[in-house]
Structure formats: C-alpha cells, structure tokens
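Letter by letter, the chains look like this.
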Amino acid sequence: GGVPPAVDLVLGAAAGCLACVLTNPLEVVKTRLQLQGELQPPGTYPRPYRGVLRAVGAVCRADGLRGLQKGLAAGLLYQGLMNGVRFYCYSRAEDAGWTGYPGGTVAAGAVAGAVGAFVGSPAYLVKTHLQAQTLAAVAVGHQHNHESISAAFESIYKQHGVAGLWRGVTGAVPRVAVGSAAQLATFTSAKDWVCERQWFGEGSWAAVLAGGMVSGVAVAVAMTPFDVVSTRLYNQPVDADGTGKLYRGFLDCILQISSKEGLLGLYKGIGAVYLRLGPHTVLSLFFWDELRKM
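Residues numbered from 1 in each chain as written. Predicted model: local features only at pLDDT ≥ 70, side-chain atom pairs only at ≥ 80, totals over all residues. Heavy atoms only, no water.

Chemist: Outline the UniProt feature "repeat: Solcar" (unreviewed entry) in the protein, listing residues and values.
Modeler: Residues annotated in UniProt with the feature "repeat: Solcar" (unreviewed entry) correspond here to residues 3-96, 100-193 and 203-294. Structurally, residues 100-193 is divided into 76% helix and 0% strand, and its ends, taken at the C-alpha atoms, are 22 Å apart. Segment residues 203-294 splits into 72% helix and 0% strand. End C-alpha atoms: 19 Å apart. (UniProt positions renumbered as here; feature names shortened; annotations may be inferred. Helix = DSSP H or I, 4+ residues; strand = E, 2+ residues; numbered from the N terminus.)

In structure tokens, the structure reads:
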C-alpha cells in the first residue's frame with residue numbers, strides 16, 4: 001500500500017527477475033518436456049526426458065550445469081517486462097477501486113496478466129528458442145540455432161519484421177491471463193486454509209510457501225494446456241512469410257495436439273510447471289513485498 005503505480009512497475013520487474021534466476025532451470029526442463037514427441041502418438045518416439053528429475057540430469061549431461069540456465073537473459077527480460085507491466089496495471093486497478101468489487105481481483109489479475117504477456121511476448125519467444133536448443137542426440141522440437149539473445153532478436157526481425165517478434169502471442173495472452181486469474185483467486189484462500197489447520201504460523205513465509213504450493217495445483221491444472229500451446233506456437237518453424245509450418249494458430253494447435261497426442265498431450269510438463277509455480281509465486285511476492293517496504 002502507498003506505493004505509486006510507476007514505482008510498482010520497477011519493483012514488480014525487479015521481483016520477477018530475482019525469482020526468475022532461481023526458477024529458470026525448471027523453465028528449461030518444462031520447455032523440453034512440452035516439445036518432446038511433438039505431434040506424435042504416445043509410445044512412438046524416443047524420450048530423452050522422463051520426468052522432472054531425470055530431465056534435469058539429461059540437460060546437465062548434454063549441456064553441462066550451465067545448460068540449466070539456458071535462455072536466462074531472455075527470461076530476465078521477459079520477467080522484467082511482463083511482471084513490471086502486470087504489477088503496474090494491477091496497482092492502477094487497486095488505486096481505482098476496481099479490486100473492491102465482487103470478482104474484481106480476478107478480473108484485474110487476468111487483464112493485467114494479459115497486457116503484461118503481450119508486452120513481454122518477444123522476449124518469451126526468444127527464451128523458448130534458446131531453451132529448446134541442445135545436442136542433436138537429445139534435441140526435441142525445432143532447433144533454431146541462435147548464437148545469443150541479440151542474434152536471435154536480430155535474426156527474427158530481419159526475416160519476419162516486427163510482426164515476427166510477436167509470433168505466438170495468441171497463445172501467451174490466454175496463458176498468462178488464465179494463470180494470473182487462477183493464482184489470485186486461489187493463493188490467498190489457500191494460504192489462509194494452511195494457517196487454519198495450524199500447519200504453520202500465521203504470517204510466516206513457510207505458510208506463504210505452503211499456500212503457494214496448494215494454490216499451484218489449481219493454477220497448474222488450469223494453465224498447463226495454455227502453456228503447452230504457447231511453447232509449441234513460439235517454437236514451431238515458419239515459412240518465409242512467417243506462417244507456421246505446424247500450426248495455423250491457437251485453436252488449430254489445441255486440436256492437433258489433442259487428436260495426435262491425446263488429451264494428456266496438453267498436460268506435458270505439468271510436473272515442472274507445478275514445481276516452478278509455488279516457489280516462483282512466493283519468491284515474486286516476497287521480493288515485491290520487501291522492495292515495497294524498502
């Protein structure tokens with residue numbers, strides 16, 4: 001409270017970046033799991049990544065320990081842009097009194113998340129490309145083979161212009177809107193539920209973390225299908241005119257995945273999504289709260 005929205009933009013960006021450094025390895029694992037077996041029936045393709053822990057080992061063997069932080073620079077840029085705009089918009093909604101209406105918190109969270117996702121979309125595009133890149137023996141999904149974050153932005157812009165930098169945004173906006181709304185709708189009630197059962201002391205960060213992990217179940221179930229679609233749309237190869245070679249858009253991606261990989265294909269990587277959500281939520285809110293106090 002009492003922090004101007006413009007300051008919240010900076011603090012939200014900083015909080016998101018600090019959380020990103022600690023949770024980026026799970027983002028790398030999640031991206032690989034979601035691209036594994038793309039548009040192939042279950043059981044018909046090799047699986048170099050089997051579950052979260054084995055996937056972590058596979059990434060380390062192929063790319064070394066540094067491989068767990070692939071795409072970190074792009075991830076930091078995305079978190080800075082997305083969370084800065086998201087916290088700014090939500091702070092403005094609070095100041096305007098919109099969050100005081102029934103359902104206002106959820107609506108404000110969804111809109112703020114959607115705007116943040118749109119602004120940060122080019123960074124998420126590059127992050128996905130870089131995190132998917134690895135040795136041919138364990139490669140999954142299309143390999144864009146960018147040399148660096150700057151080379152990736154330059155290559156995409158030269159080939160497809162400004163519009164190319166926002167390719168895949170139709171999957172990103174609903175992903176963050178649904179995730180942000182579900183998170184805000186369940187996080188506080190989950191934290192209170194944990195405290196009511198006296199598992200942890202009221203106001204302790206252990207209670208906040210436990211609440212985040214309980215809330216993470218609902219958020220992971222709601223958001224993972226959108227997350228898979230978003231990853232696929234961002235990473236797919238494109239024609240010279242920028243048209244996707246695998247998916248025509250958001251709905252086509254959902255239909256193709258569900259028909260060729262089954263409905264469970266929409267939940268690939270849900271373990272990594274869940275394990276990242278709780279800590280990332282708590283760390284973001286913790287850093288945001290502490291920065292606000294300062």
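Chemist: So, a nonpolar patch on the surface: which residues are in play, and what are the values?
Modeler: A contiguous nonpolar surface patch, about 450 Å² in accessible area, is contributed by Leu77, Leu81, Val111, Val115, Phe118 and Val119. Elements with a contribution of two residues or more to the nonpolar patch: α3 (72-95) and α4 (104-132). Examining the composition of the nonpolar patch, we find that 4 residues originate from one element, α4, more than from any other. Structurally, Phe118 is set in helix α4. (Patch = residues over 30% accessible without salt bridge, like charges linked within 9 Å, V, L, I, M, F, W, Y side chains within 5 Å. Areas by Shrake-Rupley, 256 points an atom, 1.4 Å probe, with all protein chains shown as cover. Salt bridge = Lys/Arg side-chain N within 4 Å of Asp/Glu carboxyl O.)

Chemist: Describe the confidence of the model for the protein, listing the residues and the values that go with them.
Modeler: Summary statistics for the protein give a mean pLDDT of 90 and a share of 99% for residues scoring 70 or more. Confidence scores differ between elements of the protein, with helix α9 (residues 270-293) showing the lowest mean pLDDT of 82 and helix α8 (residues 250-260) the highest of 97. (pLDDT = per-residue confidence, 0-100.)

Chemist: Lay out the layout of surface pockets in plain terms, naming residues and giving numbers.
Modeler: Here the idea is plain: a probe the size of a water molecule rolls over the atoms and shows the empty space left. Roughly 800 Å³ of volume is contained in the largest pocket. In terms of lining, the largest pocket is formed by 38 residues, of which the most central are Arg86, Phe87, Gln183, Thr281 and Leu285. When residues of the lining of the largest pocket are traced back to their parent elements, those giving at least two are α1 (5-35), α3, α4, α6 (169-196), α7 (205-235) and α9. Counted as a void, the second largest pocket has a volume near 200 Å³. In terms of residue class, the lining of the second largest pocket is built from 5 nonpolar, 5 polar and 3 charged. (1 Å grid on protein atoms, 1.4 Å probe; cavity = no way out; pocket = protein on both sides within 12 Å on 5 of 7 lines; lining within 4 Å. Points joined across faces, edges and corners; volume = space filled by probe spheres on them. Nonpolar A, V, L, I, M, F, W, Y, C, P; charged D, E, K, R; others polar.)

Chemist: Account for the nonpolar core, naming residues and giving values.
Modeler: The biggest cluster of nonpolar side chains holds 16 residues, and the ones touching the most others in it are Val29, Leu33, Tyr49, Val52, Val59 and Ala272. At the level of elements, α1 and α2 (51-63) are the ones that each hand at least two residues to this core. Contacts of Val29, omitting those with residues within four sequence positions, involve Val52, Ala55, Val56 and Ala272. Counting residues in each nonpolar core, the second largest holds 15 residues, with Ala123, Tyr124, Ile156 and Tyr234 among its members. (Core = buried A, V, L, I, M, F, W, Y, C linked by side-chain atoms within 4.5 Å. Buried < 20%, exposed > 50% of the residue type's maximum accessible area, 1.4 Å probe, protein only. Contact = heavy atoms within 4.5 Å.)

Chemist: Mind laying out the packing of α3 against α4, listing which residues take part and the relevant values?
Modeler: Interaxial distance between α3 and α4 falls to 8 Å at its minimum, and their mutual angle equals 165°. Classified by the interaxial angle, the pair formed by α3 and α4 is roughly antiparallel. Where α3 crosses over α4, the two elements pack in a sense that is right-handed. Each residue belonging to the contact of α3 with α4 can be placed in one class, and the counts come to 18 nonpolar, 6 polar and 2 charged. (Axes fitted to C-alpha atoms, helices over the stretch in contact; angles between N-to-C directions. Parallel < 35°, antiparallel > 145°, perpendicular 65-115°, else oblique. Left-handed = near helix turned anticlockwise from the far one by under 90°.)

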